[in-house]
Amino acid sequence: MRVRLTEIAFARSGDKGDTANVGLIAFRQSIYPVLVKEVTAARVKHHFKGICEGEVERFELPNLRALNFLLHRSLGGGGTVSLMLDAQGKTFATALLRMEIDVPDGLLDRDPTD
């Protein structure tokens, strides 16, 4: 089944200089392995095509059911020098949650307390 990340995770984002920082957290433990498999640095780079001009790094935080992404060269130089509308990266979380991924059939029907 194909779903938007917004249906299975939440996200937060911010910045440090010209790098956007996006944290993606699975709603449930059973969803985290799907995020690890499907939400790769390459897919995030493609999702932010035309925005992210540098490398995308991914860090896994299994104890938090989270992935953290650093999108280098994504903010037009950063908050103090950029002409971008969101030079602080605050909307990057919302943009990432629009990404669609494949989720195994029945996974979303499981007990939501896992």
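Residues numbered from 1 in each chain as written. Predicted model: local features only at pLDDT ≥ 70, side-chain atom pairs only at ≥ 80, totals over all residues. Heavy atoms only, no water.

Colleague: Where do I start with the packing of aromatic side chains in this structure?
Modeller: Given two aromatic rings, one states the distance between the centres and the angle between the planes to describe the pair. Applying the stated criterion across every chain, the model contains 2 aromatic pairs. Judged by centre distance (6.1 Å) and plane angle (25°), the rings of Phe-10 and Phe-27 are stacked. Placement of Phe-10 in strand E2 (residues 9-16) and of Phe-27 in the loop between strand E3 (19-26) and helix H1 (32-38) is noted, with a sequence separation of 17 residues between them. Overall, the relative accessible area of 39% leaves Phe-10 in the partly exposed class. What makes Phe-27 partly exposed here is its relative accessible area of 41%. (Phe/Tyr/Trp six-rings, centres within 6.5 Å; stacked < 30°, edge-to-face > 60°. Helix = DSSP H or I, 4+ residues; strand = E, 2+ residues; numbered from the N terminus. Buried < 20%, exposed > 50% of the residue type's maximum accessible area, 1.4 Å probe, protein only.)

Colleague: Explain unusual backbone geometry here, please?
Modeller: For residues that are not glycine, phi is negative in most cases, and the peptide bond is trans in most cases. One non-glycine residue with positive phi stands out, namely Arg-65, at about 60°. Within the secondary structure layout, Arg-65 lies in the loop between strand E4 (56-61) and strand E5 (66-71). A residue is classified by how much of its surface remains accessible, and Arg-65, at 26% relative accessible area, is partly exposed. With phi around 55°, Arg-73 is a residue other than glycine that occupies positive phi space. Turning to its location among the elements, Arg-73 is positioned in the loop between E5 and helix H3 (92-97).

Colleague: How do you make sense of the pairing of E3 when you look at a structure like this?
Modeller: In summary, the side chains of a regular strand alternate between the two faces of the sheet. Within E3, 7 of the 8 residues are buried, which leaves it mostly tucked inside the rest of the structure. Two successive antiparallel strands, E2 and E3, enclose a turn made up of 2 residues, where Gly-17 displays a positive phi of approximately 65°. Relative to E5, E3 runs antiparallel, the two sharing 6 bridges. Its bridge partner being in E5, Gly-23 is matched across the sheet by Asn-68. (Pairing = 2+ DSSP bridges.)

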